[in-house]
Amino acid sequence: MAGLCRIRRPHLLFSNSFKQLLNIWTHNNILIQTPFTKHNLSPFSSTPTSQKPINSLSPISIDDSRIVDRLVHIFTKPLDSSKSQELDELGSKITTFIVEFVLRKLRNWRIAHLFFNWASNLKGYRHNCHTFNLMAECLSGARQIDLMRVLANDVVKFQCYFTPRGLGFFIRCLGNQGLVKEANELFDQMKKSCLCVPNCFTYNCLLDAVSKAGDVGLIELRLKEMCSYGWELDKYAYTPVLQCYCNAGNFENALVVFNEMHKKGLVDAHVLSILLVSFSKWGKVDKAFELVERIEDLNISLNEKTCFVLIHGFVREGKTDKALQLLDKMKNLGFVLDISVYGVLIEELSRNKEIEKAMQLYEDMIVSGVHPDIKILSDLMSCVREERDMIRIVEGRYESLDLKARMLLYNSVLKGLINNGSTDKAYHLLSASTGLDSGDDFNEDNIFPMKELACPNTISFEIVIDGLCRVDRLEVALNLFRDMDHIGCKRSVLLYNNLIDFLSRACRLNECYELLDEMKQSEFQPTHYTYNSIFGCLCRQGDDAGGLAMVREMRVHGHQPWIKYYTLLMKKLCKDGQVVKASNFLADMVQEGFLPDVVGYSAVIDGLVKIKQLDEALNLFRGICSRGYCPDVVAYNIMINGLCKAKRVPEAQNLLDEMMDKGLIPSVVTYNSLIDGWCKNGDVDRAISYLTRMNVKEREPNVITYTTLIDGLCNAGKPSDAISLLVKMEANGCSPNRITFMALISGLCKCRKPDDALIYLQEMERKDMKPDPSIYIVLIDAFIKNMNPNEACDLLQKVVHDESLQDLNIKSRPILKEAIRSLSADPMTSSHVKILLEEGHLTALCNVCEIG
């Protein structure tokens, strides 16, 4: 028990419900002596170990044996009216004893049910619990759920008395078919009508039925009833409760039950397996392994089946290391490991590229005398990187395989060589196996050694040709494809598709069309992949005419053009300034019967917006709805951004309201566009309101949001608000970037606050952010206008002596020229400017004619 407590302390695990059950049992076991104890109720054992009904049959008399044989003979033959008189005679002699014998001899459930119903309708005859149980066993075995329900109702309807053990058996038959509700209702009805006085065996059977449904509430209720009668809970009561908690994933209570069973010495291999398998099933791999580690303390041995289930569960949860540790335990316990255990472990190790472990397990497998199947060999071949390991796998195995398995292994070798980067070796091996000339000199000793070469099939060529294409050896791949005719190897759609795809990527359209025509003339029909590979090439080239022709051909054959390709065509045409062509292409697609995706329309709308054809873009946007699409957030964002940039902000606002009415959620991009639009429209207060709106809608403002607003506030003459917003921005965890600082510096200069602007320039420099040279010119100009020529001159000298700051844009040069003139005329700075002029720095900087 000490080991178990290290899994989890039992007293910390007891749920209130289970604690109460234990307390009730302890109290009643001492104080209550009811007439329902197992000692007074039944002579039968309380252990529900047998699935067979109680054998109540005594030796049969000769006369009864004749009746049984006649009834079996009559009911196993087609019934007709000629048998009615004999059946009437036999019916008058029928007894439950005879019915039991007949039911045992009838092997077909339909015949047995027919006979059972015939006997039920005989005057003066009543079934007993044994005949009902025999019929229940028959129907349950045949999974006749509806008939089982009817049979359960008949038990109560005909007021049939049952022994406690007999009722337990019937309930288990119901439970085995998932009829838990019916089993529970039958139990209550039999008890209430005094047709049976249940004992602990009956209750244990009911608990077993309920456990299969995982109904925790019901099983706790029944357990409470048992405890109230003073019965001590045994292994057969605890086990279904444990199973129920495990099925429901309630491991806290499951461990309470397990610990209680352990304390009473009731834990065996079966009980342990229930908990372990459930841990594994619910992904509690660590808990399962912890319990496995404590097995020695529990003095219990795991069985092979449980270990196999655990290993599969560990692998499924990605705990291969735990699975391997359990495998070692199994070896130490002397278990004989089968191929399925090795297979699942090698497959997982191969998938994870744990080559050394996979090969070690393979070697252990060989030493143990377990012969790997082709699946294991193929898995290993897919992961090994060294050719010597591939040879180890093949050697000694190839000759023992049948033709189909050899072919699979051969193809695995080809795939393994290609995966390892040895495409040439795979190509030469295939060529040597088919007797084809590989076209270059190579040493046959370097070919992958296989004592008996297989006859390659289509899959072999698919593997090698695909490998050649991926290493840009398209010509060799095409030659190999053509050589398939010489050896009589059948081609495939996959081969055609792969070659057409790689040719289209290489923009070799003529050869693509040749292969397409070849497919049409052969038995292979081009697929949507075939057509779209060529269509994609046409779209990448911006060939709208060729693309439309391919779309028309695809329509004839019932294929859809891929969205990503015609969207690419739309973007390329728009980028090349051919927006009208792009728009016409979409219209032609509609005319051909295809409804382009909203992504394609969005690309054209974006193109129209960029060339400032907003009305045409808006018309196309409105046309999307008429074609059965609801524009998405991206499409709305394109239009809203375009309208805002064109200062048609109220229309953009209307689109925002429209998208929200349709249930679309605006993105940060949506709000940023409108904030920028209102700022540029001079309504910064409206822009600020969108910042509040974003917070309400849980849309986190980004650096673009804050930068736009800071620029807008400065342009509106509100520099203090701009600085406050920067502080708020940093407080909200959004770090300002160089664009933010430059917007603030430029804005503060416009507001005649160059001293504040200089502070933020210095902060930029401290953060290793490099401002544009134009920022220095703006600051110089602002200091001059603010009657502070000394600061302006200091900044000028900094620009002059830092080459990285001398790449001025055209807009900055006239401002600098005017600033130099002003500083040269100012007595406080003229001498400094004169020195700079004499050194020639200013002439080169301004790239203008000589000043002064």
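What you see is a predicted model, and the numbers here were worked out from it, not measured in a lab.

**Concerning the overall build of the protein chain**
Tallying secondary structure elements over the protein chain gives 50 helices and zero strands in all. Considering the protein chain as a whole, with its 852 residues, one finds that 50% of them fall into the buried category. A separation threshold of at least 6 residues defines the contact pool for the protein chain, and within that pool the share at least 24 residues apart is 66%. When the accessible area of the protein chain is evaluated, it comes to approximately 40800 Å², of which 50% is carbon and sulfur surface.

**Things to note about the packing of aromatic side chains**
Geometry of an aromatic ring pair is reported as the spacing of the ring centres plus the angle between the planes. By the definition in use, this model includes 19 aromatic pairs. Ring pairing ties together the aromatic residues Phe116, Phe132, Phe162 and Phe170, which thus form one cluster. The lysine or arginine in question, Arg505, covers the ring of Phe502, its NZ or CZ lying 4.8 Å from the ring centre.

**Side note on helix H20 (residues 304-316)**
Helix length check: H20, at 13 residues, gives a terminal C-alpha distance of 18 Å against a target of 18 Å (1.5 Å per residue), a fit within 8%. Taken residue by residue, H20 has Thr306, Cys307, Phe308, Leu310, Ile311, Gly313, Phe314 and Val315 as its buried positions. The secondary structure elements touched by the buried residues of H20 are helix H17 (269-281), helix H18 (285-293), helix H21 (320-332) and helix H22 (339-351). Positive phi appears at Gly318, one or two residues downstream of H20, with a value of about 80°.

**Some words on helix H40 (residues 668-680)**
In this model, H40 (13 residues) spans 18 Å end to end at C-alpha, consistent with the 18 Å of a helix rising 1.5 Å per residue. Burial analysis of H40 places 11 of its 13 residues in the buried class, the great majority of the element. Of the residues making up H40, those classed as buried are Val668, Thr670, Tyr671, Asn672, Ser673, Leu674, Ile675, Asp676, Gly677, Trp678 and Cys679. Of the surrounding secondary structure, the elements contacted by the buried residues of H40 are helix H38 (633-645), helix H39 (649-661), helix H41 (684-696) and helix H42 (703-715).

**So, the side chain of Thr567**
Residue placement: Thr567 occurs in helix H34 (residues 563-575). Aside from chain neighbours lying at most four places away, what touches Thr567 is Val599, Gly600 and Ala603.

**Focus on the packing of helix H23 (residues 355-367) against helix H25 (residues 387-394)**
Put simply, H23 and H25 touch, their axes get as near as 12 Å, and they point 25° apart. Relative to H25, the element H23 is oriented roughly parallel. Handedness of the crossing formed by H23 with H25: left-handed. Residues Met359, Tyr362 and Glu363 of H23 touch H25, and the partners they reach there are Asp389, Arg392 and Ile393. Partitioned by chemical class, the residues of the contact of H23 with H25 number three nonpolar, no polar and three charged.

**Here we look at the side chain of Ser746**
Among the structural elements, Ser746 can be located in helix H44 (residues 738-750). Discounting chain neighbours no more than four positions away, the residues touching Ser746 are Ile775 and Val778.

**Description of the nonpolar core**
If you look at the biggest cluster of nonpolar residues, it comprises 270 residues, and the most contacted ones within it are Leu71, Phe162, Phe170, Ile311, Leu345 and Met639. Once residues within four sequence positions are removed from consideration, Phe170 is found in contact with Phe132, Asn133, Ala136, Leu151, Ala152, Val155, Phe162 and Leu186.

**Focus: the layout of surface pockets**
Estimated volume of the largest pocket: approximately 440 Å³. Along the wall of the largest pocket there are 16 residues; nearest its centre are Ser746, Lys750, Ser774, Val778 and Ile815. Mapped onto the lining of the largest pocket, the elements with two or more residues apiece are H44, helix H46 (773-785) and helix H48 (812-825). With six residues, the single largest contributor to the lining of the largest pocket is H46. Looking at the lining of the largest pocket, its residues break down into six nonpolar, four polar and six charged.

**Quick notes on the confidence of the model for the protein chain**
Residues of the protein chain with pLDDT of at least 70 account for 88%, and the chain-wide mean is 82. The low-confidence segment residues 1-56, where pLDDT is below 50, has 118 contacts with residues more than four positions distant or belonging to other chains. The model gives residues 848-852 a pLDDT under 50, and that stretch makes six contacts with residues more than four places away or in other chains.

**Considerations on the pattern of salt bridges**
Across all of its chains, the model carries 44 salt bridges by this definition. A salt bridge links Glu260 to Lys263, with the shortest nitrogen-to-oxygen separation between them at 3.5 Å. Placement of the pair is Glu260 and Lys263 together in helix H16 (residues 251-263), with a separation of three residues, close to one helical turn. On the basis of relative accessible area, Lys263 is assigned to the exposed category, the value being 59%. With a shortest N-O distance of 3.9 Å, Asp576 and Lys572 are connected by a salt bridge. For Asp576, a relative accessible area of 46% translates into the label partly exposed.

The rules behind these values
Residues numbered from 1 in each chain as written. Predicted model: local features only at pLDDT ≥ 70, side-chain atom pairs only at ≥ 80, totals over all residues. Heavy atoms only, no water. Helix = DSSP H or I, 4+ residues; strand = E, 2+ residues; numbered from the N terminus. Buried < 20%, exposed > 50% of the residue type's maximum accessible area, 1.4 Å probe, protein only. Contact = heavy atoms within 4.5 Å. Areas by Shrake-Rupley, 256 points an atom, 1.4 Å probe, with all protein chains shown as cover. Phe/Tyr/Trp six-rings, centres within 6.5 Å; stacked < 30°, edge-to-face > 60°. Lys NZ or Arg CZ within 6 Å of the ring centre and 35° of its normal. Expected span 1.5 Å × (residues − 1). Axes fitted to C-alpha atoms, helices over the stretch in contact; angles between N-to-C directions. Parallel < 35°, antiparallel > 145°, perpendicular 65-115°, else oblique. Left-handed = near helix turned anticlockwise from the far one by under 90°. Nonpolar A, V, L, I, M, F, W, Y, C, P; charged D, E, K, R; others polar. Core = buried A, V, L, I, M, F, W, Y, C linked by side-chain atoms within 4.5 Å. 1 Å grid on protein atoms, 1.4 Å probe; cavity = no way out; pocket = protein on both sides within 12 Å on 5 of 7 lines; lining within 4 Å. Points joined across faces, edges and corners; volume = space filled by probe spheres on them. pLDDT = per-residue confidence, 0-100. Salt bridge = Lys/Arg side-chain N within 4 Å of Asp/Glu carboxyl O.

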